[in-house]
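Structural description and commentary
Each chain, letter by letter, is given below.
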Amino acid sequence: MTETTQGPRERPLSPHLQVWRPHATMVGSILHRITGSALYGGALILAGWAMSLAAGPDAYEGFMTLLGSPLGKLVMFGLTLSVFYHLAKGVQHLFWDVGAGFKLATANMGAVACYAFAVAATLAVWVIAAMTGAL
Amino acid sequence: MENYRTPLRRARGLGSAKHGVGHWISERVTSVALVPLVLWAVFGVITLAGTDYYGAVAWIANPVNAVLMVLLTAVSFLHMHAGMRVIVEDYIHKSLSKLALLLLNLFVCALVGSLAVFSILKVALGGA
């Protein structure tokens with residue numbers, strides 16, 4: 001049997017990164033992926049914490065000293081930002097998954113809200129940590 | 001070549017692979033579960049940063065903390081495996097590199113996630 005109609009339609013192509021002016025939703029999407037990758041490292045640190053705890057007091061104090069060092073604090077600060085950003089953006093994605101929030105203005109506002117939430121929540125957590133003597 | 005395809009073959013070729021939806025749902029379910037777990041974990045980290053080894057052991061010996069830590073770890077490693085898998089599939093197109101990275105991702109997540117869960121349980125059950 002031969003074909004009577006034409007073959008499958010051309011599949012749509014993704015817009016090329018370099019010909020697009022950066023905008024809130026685009027940067028937001030890229031950041032979602034970058035923070036997700038950072039949290040991959042964060043989960044490995046979490047596992048390292050659990051393993052050092054199981055290894056005994058010396059290993060644990062060594063691990064916590066490393067996390068408490070200036071570099072360790074910088075990493076933890078970056079992970080706090082990543083956690084809150086990825087969480088907020090993930091919630092926006094859940095709204096998109098049920099078909100809500102696709103209007104351009106809403107999507108842009110959501111992207112900006114994710115940036116704002118990440119910064120505000122990170123600062124709040126570090127202020128609380130400083131006040132409770134956790135630093 | 002396209003012209004030699006039967007209408008049935010063409011219809012089959014246009015459909016989904018029939019198993020992608022499971023991955024998609026798993027990503028959403030783990031992300032919903034991680035919202036409360038991660039918020040709880042942030043306050044856990046603040047608590048733990050202000051205490052020493054014995055404080056941490058006592059914290060994780062609490063059944064609620066132990067169970068939530070195990071859930072946080074298991075769900076996180078499932079979620080990050082799915083996420084990194086998509087990143088590899090999006091950016092790596094040479095089949096051997098892609099296969100190697102997908103296997104590495106799976107093995108790292110399975111090994112490190114299991115080590116973390118076992119460590120938590122070991123301390124929580126009092127063997128530290």
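Parameters at a glance
Residues numbered from 1 in each chain as written. Chains lettered and ligands numbered in written order. Predicted model: local features only at pLDDT ≥ 70, side-chain atom pairs only at ≥ 80, totals over all residues. Helix = DSSP H or I, 4+ residues; strand = E, 2+ residues; numbered from the N terminus. Buried ≥ 20, exposed ≤ 12 C-beta atoms within 10 Å, placed from the backbone. Contact = placed C-beta atoms within 7 Å. Expected span 1.5 Å × (residues − 1). Core = buried A, V, L, I, M, F, W, Y, C linked by C-beta atoms within 7 Å. pLDDT = per-residue confidence, 0-100.

1. Details of the overall build of chain B
Broken down by element type, chain B carries five helices and zero strands. For the C-alpha atoms alone, the extent of chain B along its principal axes is close to 75 × 30 × 25 Å. Expressed as a percentage of the 128 residues in chain B, the buried residues total 19%. Here the analysis covers contacts within chain B between residues at least 6 apart in sequence; of these, 72% occur between residues at least 24 apart.

2. A look at helix α4 (residues 104-131) of chain A
Between its first and last C-alpha, α4 of chain A extends 40 Å over 28 residues, near the 40 Å set by a 1.5 Å rise per residue. Among the residues of α4 of chain A, those classed as buried are G110, A111, C114, A118, T122, V125 and A129 of chain A. Close packing links the buried residues of α4 of chain A with α1 (24-55) and α3 (70-97) of chain A together with α2 (20-49) of chain B. Of the residues one or two after α4 of chain A, G133 of chain A is the one with positive phi, at around 80 degrees.

3. Observations regarding the nonpolar core
One broad trend across soluble globular proteins is that nonpolar side chains are buried collectively. Grouped together as the largest cluster of nonpolar side chains are 37 residues, with contacts concentrated most on A43, A50, L53 and F84 of chain A together with M80 and I120 of chain B. Those elements that place two or more of their residues in this core are α1, α2 (57-68), α3 and α4 of chain A together with α2, α3 (53-61), α4 (63-91) and α5 (95-124) of chain B. Setting aside residues no more than four positions away along its own chain, L53 of chain A makes contact with Y60 of chain A together with A56, S119 and V123 of chain B.

4. Quick notes on the environment of A59 of chain A
Tracing the chain through its elements places A59 of chain A in helix α2. On a C-alpha basis, the gap between A59 of chain A and L17 of chain A in space is 46 Å, while along the polypeptide they are 42 residues apart.

5. Quick notes on the confidence of the model for chain B
With 91% of its residues at a pLDDT of 70 or more, chain B has an overall mean of 91. Scoring the predicted complex yields pTM 0.87 and, for the interface, ipTM 0.86.

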